[in-house]
Amino acid sequence: MAQKGIREYEGKKILFDGLARSLPSFRGRAAKLALVRRDTDPKKLVKDHPWLLKEKLVAKPDQLFGKRGKHGLLSLNKDWQDTWKWISERMGKTVTVGKTAGELHTFLIEPFTPHSEDAEECYVAIKAFRDFDTIYLSGKGGIHVEENWDKVKETNVPILASIDEVELNLPDFGKRKAQIEEFVRALYKVYAEGHFTYLEINPFTFNGDDIVPLDLVARVDDTAAFECTKVWGDLEFPSSFGQKHTKEEMFIRSIDEKTGASLKLTILNPEGRVWNMVAGGGASVIYADTVCDLGFSRELANYGEYSGDPSEEDTYQYAKTVLDLMTRKKDARGKVLIIGGGIANFTDVAKTFKGIIKALTEYKKQLVDNKVKIYVRRGGPNYKEGLSNMRRLGETLGVPIEVYGPETHMTAVVSMALKPAPAKKQPAKAGGRK
Amino acid sequence: MKPELFTKDTTAIVYGYHVNAIQRMLDFDYACGRKVPSVAAIVNPGSEGYHKVFFGKGEVLLPMYGDFATAAAKHPKADVVVNFASFRSAFDSSMEALNHPNIRTVAVIAEGVPERRARQLAATARKLDKMVIGPATVGGIKAGCFKIANTAGTYDNIVESKLHRPGSVGFVSKSGGLSNECYNIIARNTDGLYEGIAIGGDAYPGSTLLDHILRYEAIPAVKMIVALGEIGGTEELRIVEALKAGKITKPLVIWVTGTCSTMFPAGVQFGHAGAKAGSALETAQAKNQALKEAGALVPDSFNDYGVLVNETYNKLVKKGVIKPAAEVEAPALPMDFAQALKEGKIRKATTFINTISNEKKEELEYLNIPISKVLSSNMGIGGVIGLLWFKRELPEYGRKFLETALMLTADHGPAVSGAHNAIVTARAGKDIISSLVSGLLTIGPRFGGAIDGAAQEFKRAYDAGLTPEQFIKDMKKKGIPVPGIGHRVKSVTNPDMRVTQLKGFCRKNFKKTTLLDYALEVEKLTTAKKGNLILNVDGCIGISFVDMLSSTGSFTAQEIDDIVKMGCLNALFVVGRSIGLFGHIFDQKRLKQPMYRTPYDEIAYMTDL
């Protein structure tokens, strides 16, 4: 549901195939890209990609992080034997890039293009803004682009314009000017058609008269998948480097993908004592904010939300997952579950609460064992029925449940849960006159 | 464009057949006292007609068209499109609406519209000087005037949040869910909302927070502006610039949510697509800080949001800028029948009673037996007839008897009236149901009725204590042949094997065969007169049926009487013979037989008779 980074391997494939339609020199280049994963069989790879045995090769990790040369994670100008050896030595190893540590598990191999670093490294990037896409071009690419940022020329392509009618602001490319201009225009078309939101080739260089993109960073808009089935092929969206999703996060993601409603779950600290089960993409952020405002950010166990009128079954699965996670490890101080939300527009509160109540009832024993206190705040269609069902559950569940409606400020339950003030019995009102 | 998007006369075309949202729009209209429904027409691709909907206490019809162009042409005054099209078709349908000269505002509800498409929509709207609200939004509401789709939820909530009459506050947020929460906060802390818009949680909404803030700035009736921003994007920084440039002079209370993100590991995607800080400038803290410095009224946390709204409002009242809007009583909306029933507020007499089956259970049930158990118990069609006709689980011999009866009655050749009629109808080119029914309609006293007749007459005679002689005499006196007695060719010396087998089965399995024994006594007397006056197969089925029911011991004499009188035996014949009739119908169709006409030489023309 947003912009997603893609592998250099797939980015180049989409790019080369797209460029080949107008630039003959890109024909067949998409075939000369090979991806190596943990379980890749070298014999089969060579059989599928006979060029691996014939050419000098480049190899590098393909896991959505850059500056690979700087981190010694670039194999240049080696034959197949040495390239495979180089990859094998690094496969499965944990490396630290910037502040992030992660395991290497995916590598890209492509043909090596000899070029001299000082002369011919150029830079192109395209980035989406609200009203236009900006094309960045520089004759000084590679590692020098940042220190030479003032030499980068920018062209804004209005979102409703065709690239053919926009005049490009070009740096001095000398005799390559016409060729690069043609390349950039073709590149923009692939970018637009493939619903890219960011595309950076740094650097691209030259092999004789051919333009050769070396390093590529790309992000696409994954909501455009339905328009791009042909252009993208079977495109994967890998997690960012070092990021691992738990089984439970993957499970909720799989439900989310199957329904028109929205279900999100991120585990922040599995041993945290404060668990949120909040309805609404906007409200869930405010609940998390409030937990942090009150100084409990370290105790906040998860971020998540359910919205868009999910079914009783989906809500049940969601609640069960959260309850299971929060009752795995006991904490002597007990735990807090906040079943929060604003006043829904059309989500049926009674129905979604039914799913939550079913899960709570199932986890009765674990909730008691973990000394969980539950705070509920919600409004919207059928909220009275939903809240009274929750209150009724409180009589039998064996753990305290406090239930509030729209008359109580949305996040007041957070303070009640985290900063119980025995002197002040009445919760903060939503305020004002009524 | 003019700052006001909606008036009390605004009407919309709703794209997509979303009946709940349409009803909620009209319920809001009723609350506001609108004379004309805010929905002029519905576009339901590929389908047209009318949609019936409540408008207050009564009902109205809303025209429904198969395409947008027709709807727009027929309803030139409608200048808003509420677009419920899915993420796949939202772009094309919204572009069509935007490009139509009648339309000024398009609200795009769909989530998951590609960013590039959303940007194209936004740019097109700007080029045409029109307004896009969304995508990925619940819409918006102008208090007392017009409501988009599901905004502000239920009627109770609308009245509770005083949205049926205008107040002095203009509100805008990204989140649709939170906008409703904020209408509540605004209602409790001010004289109410003037207008509220949720621009949607995507990265590139068609209109922005600033677009709406500037509209509110230009609308004299809006005295203060309340907004809710969100982590991610630089939209709030444009508000900062507008504040600095003096473009916003009305008090602006604003809070940017997502302050927790700095505590989170990088890469956490919040619920909204646009809610991800790409740089330090896009964090909630940075944006709140910048807004505060530029002169916006920024609370310390969301907890204090309502308090600050209240303080700001009170100051404006004190200054005389705001004259608090008068309270207006909203009319009570009649409760929906389903809702009232659910809450136990009303009761309703039913018009039907059903005691044999239930499809409302977890699984379909025949007489409280789940269909899976019906199948696994191998009760057969005889058992099913027992459950659904007699409400009993019949013993095996009873089920077998019924199935035997069905097999025996299934067909009797093409010449009998039922089959003849079915064949003629099938050959006239009629469908199978008509052909079947034309055959079935011949079943009665003369054709197929002997089973029922035999059971009725023999049972009546036996129950009345008539001797076989008295019974025959009685029938003769009435001038009707004894039903179930007599065969065209079969006789005592050339017995009907079907009857022999059936008799054997009954004797072997039934606990008693009282009526059959009685019938055979009658047969002795009739065959003495004429050899072919035997108990025929129809008679045997009807009479043994009564014995079968008595044998089970689970029916009272009265119940057996009722079953026979209800005509269950005719029903048995109808079910059995339908099999044969279908056979004849399919036979004719398979053979592609032409129209049947009775040959002239089959008819004696005696018109001068």
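Because the structure is predicted, anything quoted here is derived from the model rather than measured.

1. Focus on the overall build of chain A
And step 1. If you tally the helices and strands in chain A, you get 13 helices and 19 strands.
And step 2. Along the longest, intermediate and shortest principal axes, the C-alpha atoms of chain A span 80 × 50 × 40 Å.
And step 3. Looking at chain A as a whole, 55% of its 434 residues qualify as buried.
And step 4. Taking all contacts inside chain A whose residues are at least 6 apart in sequence as the whole, residues at least 24 apart take part in 68%.
And step 5. When the accessible surface of chain A is split by element, carbon and sulfur atoms take 50% of a total near 19,500 Å².
And step 6. Both charge centroids of chain A, one from 67 positive and one from 61 negative side chains, sit 7 Å from each other.

2. Points about the overall build of chain B
And step 1. Each helix and strand in chain B was counted, giving 23 helices and 16 strands.
And step 2. The C-alpha radius of gyration computed for chain B amounts to 40 Å, which surpasses the reference 25 Å derived for 609 residues by more than 25%, pointing to a less compact arrangement than a globule.
And step 3. Reported as C-alpha extents along the three principal axes, the dimensions of chain B are approximately 120 × 55 × 50 Å.
And step 4. Looking at chain B as a whole, 54% of its 609 residues qualify as buried.
And step 5. At a minimum sequence separation of 6, the contacts of chain B that also span at least 24 residues come to 72%.
And step 6. On chain B, the mean spot of the 73 positive side-chain charges and the mean spot of the 61 negative ones are 2 Å from each other.

3. Description of the nonpolar core
And step 1. Core analysis: the largest hydrophobic core is formed by 104 residues, its most contacted members being Val82(B), Ile239(B) and Tyr305(B).
And step 2. Here the element with the most residues in this core is helix H8 (residues 281-293) of chain A; it accounts for seven residues.
And step 3. Excluding anything up to four places from it in sequence, Val82(B) contacts Ala12(B), Ile13(B), Val14(B), Tyr15(B), Met25(B), Ala107(B), Ile109(B), Ile148(B) and Ala149(B).
And step 4. Counting residues in hydrophobic clusters, the runner-up holds 56 residues, among them Ala422(B), Ala454(B), Leu502(B) and Val546(B).

4. Observations regarding the interface of chain A and chain B
And step 1. Between chain A and chain B, the residue contacts involve 61 residues of the former and 67 residues of the latter.
And step 2. Buried surface at the junction of chain A and chain B, both sides included, amounts to about 5,100 Å², of which 53% is carbon and sulfur.
And step 3. At the junction of chain A with chain B, the criterion picks out six salt bridges.
And step 4. A salt bridge links Asp133(A) to Arg119(B), with the nearest nitrogen and oxygen atoms 2.7 Å apart.

5. Side note on the sheet that holds strand E7 (residues 131-133) of chain B
All names here are of chain B.
And step 1. Strand order in the open sheet formed by seven strands is E3-E4-E2-E1-E5-E6-E7, with mixed pairing between adjacent strands. Both edges of this open sheet fall to strand E3 (49-55) and E7, since each of them pairs with a single strand only. Here the average twist between neighbouring strands, direction ignored, is 25°.
And step 2. The pairing of strand E1 (residues 12-15) with strand E5 (residues 80-83) spans four bridges and is classified as parallel.

6. So, the pattern of salt bridges
Residues and elements named next belong to chain A.
And step 1. Applying the stated criterion across every chain yields a total of 58 salt bridges over all chains.
And step 2. Residues Lys-32 and Glu-55 are paired through a salt bridge, measuring 2.5 Å at the closest nitrogen-oxygen approach. Separated by 23 residues along the polypeptide, Lys-32 in the loop between helix H1 (8-20) and strand E2 (34-37) and Glu-55 in the loop between helix H3 (51-54) and strand E3 (57-61) bring together distant segments of the chain.
And step 3. A salt bridge links Glu-299 to Arg-333, with the nearest nitrogen and oxygen atoms 3.6 Å apart. Of this pair, Glu-299 sits in the loop between H8 and strand E16 (302-307) while Arg-333 sits in the loop between helix H9 (312-326) and strand E17 (335-339), and the two are 34 residues apart along the sequence.

7. Observations concerning unusual backbone geometry
And step 1. Cis geometry marks the peptide bond from Asn202(A) to Pro203(A), where omega comes out at 0°.
And step 2. Cis geometry marks the peptide bond from Gly134(B) to Pro135(B); its omega dihedral reads 5°.
And step 3. Tracing the chain through its elements places Pro135(B) in the loop between E7 and strand E8 (140-142).
And step 4. The backbone of Lys592(B) sits at a positive phi, close to 50°, despite the residue not being glycine.
And step 5. We classify Lys592(B) as exposed; its relative accessible area is 70%.

8. Looking at the side chain of Ser491(B)
Residues and elements named next belong to chain B.
And step 1. In this structure, Ser-491 sits in the loop between helix H18 (468-478) and helix H19 (497-509).
And step 2. Under the relative-accessibility criterion, Ser-491 is labelled buried at 14%.
And step 3. At 3.0 Å, the side chain of Ser-491 and the side chain of Thr-493 are in polar contact.
And step 4. Residues in contact with Ser-491, not counting those within four places in the same chain, are Gly-531, Asn-532 and Ile-534.

9. Some remarks on the packing of helix H7 (residues 247-258) of chain A against H9(A)
All names here are of chain A.
And step 1. Remark: H7 packs on H9, axes separated minimally by 11 Å, with the N-to-C direction vectors making an angle of 170°. The pairing of H7 with H9 is recorded here as roughly antiparallel in orientation. Of H9, the residues touching H7 (which contributes Glu-248, Phe-251, Ile-252 and Ile-255) are Asp-314, Gln-317, Tyr-318, Thr-321 and Leu-325.
And step 2. Considered class by class, the residues forming the contact of H7 with H9 number five nonpolar, two polar and two charged.

10. Side note on the packing of aromatic side chains
Aromatic rings in a pair are described by how distant their centres are and how their planes are angled relative to each other.
All names here are of chain A.
And step 1. Following the criterion strictly, the structure yields 31 aromatic pairs over all chains and no others.
And step 2. Seen from their ring centres, Tyr-306 and Tyr-318 are 6.1 Å apart, and the 55° between their planes marks the pair as tilted. Of the two residues, Tyr-306 sits in strand E16 while Tyr-318 sits in helix H9, which places them twelve residues apart along the sequence.
And step 3. Relative accessible area serves as the criterion here: at 1%, Tyr-306 is assigned to the buried category.
And step 4. Of the residues examined, Tyr-318 reaches a relative accessible area of 1% and is grouped as buried.

11. A look at the side chain of Thr223(A)
Residues and elements named next belong to chain A.
And step 1. Relative to the assigned elements, Thr-223 resides in the loop between strand E13 (216-221) and helix H6 (229-232).
And step 2. You can call Thr-223 buried: its relative accessible area is 15%.
And step 3. In terms of polar contacts, Thr-223 uses its side chain to reach the side chain of Asp-221, at 2.7 Å.

12. Comments concerning helix H9 (residues 284-293) of chain B
All names here are of chain B.
And step 1. Residues Ala-284, Lys-287, Asn-288 and Leu-291 constitute the buried set of H9. The arc that holds every buried residue of H9, seen down its axis, measures 100°, which confines them to one face.
And step 2. Next to the buried residues of H9 lie strand E12 (224-230), helix H8 (235-244) and strand E13 (252-257).
And step 3. After H9 finishes, the residue Gly-295 shows a positive phi value of roughly 105°.

13. Things to note about the sheet that holds strand E11 (residues 193-198) of chain B
Residues and elements named next belong to chain B.
And step 1. Ordered by their spatial adjacency, six strands build an open sheet running E9-E8-E11-E10-E12-E13, and the pairing between neighbours is mixed. Only two strands of the sheet have a single partner each, and these edge strands are strand E9 (146-147) and E13.
And step 2. As defined by bridge partners, E12 adjoins E13 across six bridges and the pair is classed as parallel. In the strand pairing of E13, Ala-227 is matched with Ile-254.
And step 3. The sheet contacts of helix H10 (residues 305-319) involve strand E10 (169-173), E12 and E13, and relative to E12 the element is tilted by about 160°.

14. Observations regarding the packing of helix H3 (residues 90-98) of chain B against helix H4 (residues 115-127) of chain B
Residues and elements named next belong to chain B.
And step 1. Viewed as axis vectors pointing N to C, H3 and H4 meet at an angle of 5°, and their least axial separation amounts to 11 Å. Judged by the angle between their axes, H3 and H4 are roughly parallel. In this structure, H3 contributes Phe-91, Ser-94, Met-95 and Leu-98 to the contact, and H4 contributes Arg-117, Gln-120, Leu-121, Thr-124 and Ala-125.
And step 2. Here the contact of H3 with H4 is composed, by residue class, of five nonpolar, three polar and one charged.

15. Digging into a nonpolar patch on the surface
Residues and elements named next belong to chain B.
And step 1. Nonpolar side chains collect at one region of the surface, where Ile-432, Ile-433, Val-437, Leu-441 and Phe-586 lie side by side and expose about 460 Å² of accessible area between them.
And step 2. Looking at the nonpolar patch element by element, the count peaks at three residues for helix H16 (residues 432-440).
And step 3. Its relative accessible area of 52% is what places Ile-433 among the exposed residues.

16. Points about the confidence of the model for chain B
And step 1. The predicted model of chain B has a mean per-residue pLDDT of 94, with 98% of residues at 70 or higher.
And step 2. Taken over the whole predicted complex, pTM reads 0.82, whereas the ipTM for its chain interfaces reads 0.91.

17. Focus on a negative patch on the surface
All names here are of chain B.
And step 1. A cluster of acidic residues, Glu-48, Asp-67, Asp-92 and Glu-96, forms a negative patch on the protein surface.
And step 2. Structurally, Glu-96 can be placed in helix H3.
And step 3. The partly exposed category is assigned to Glu-96, whose relative accessible area is 39%.

Rules of the game
- Residues numbered from 1 in each chain as written.
- Chains lettered and ligands numbered in written order.
- Predicted model: local features only at pLDDT ≥ 70, side-chain atom pairs only at ≥ 80, totals over all residues.
- Heavy atoms only, no water.
- Helix = DSSP H or I, 4+ residues; strand = E, 2+ residues; numbered from the N terminus.
- Buried < 20%, exposed > 50% of the residue type's maximum accessible area, 1.4 Å probe, protein only.
- Contact = heavy atoms within 4.5 Å.
- Areas by Shrake-Rupley, 256 points an atom, 1.4 Å probe, with all protein chains shown as cover.
- Lys, Arg positive; Asp, Glu negative; His and termini not counted.
- Charge placed at Lys NZ, Arg CZ, Asp CG, Glu CD.
- Rg over C-alpha atoms; globule rule 2.2 N^0.38 Å.
- Core = buried A, V, L, I, M, F, W, Y, C linked by side-chain atoms within 4.5 Å.
- Buried area = accessible area lost by both parts, 1.4 Å probe.
- Salt bridge = Lys/Arg side-chain N within 4 Å of Asp/Glu carboxyl O.
- Pairing = 2+ DSSP bridges.
- Axes fitted to C-alpha atoms, helices over the stretch in contact; angles between N-to-C directions.
- Polar contact = N/O pair within 3.5 Å; in protein donor to acceptor, adjacent residues only side chain to side chain.
- Parallel < 35°, antiparallel > 145°, perpendicular 65-115°, else oblique.
- Nonpolar A, V, L, I, M, F, W, Y, C, P; charged D, E, K, R; others polar.
- Phe/Tyr/Trp six-rings, centres within 6.5 Å; stacked < 30°, edge-to-face > 60°.
- Arc of directions from axis to C-beta.
- Patch = residues over 30% accessible without salt bridge, like charges linked within 9 Å, V, L, I, M, F, W, Y side chains within 5 Å.
- pLDDT = per-residue confidence, 0-100.

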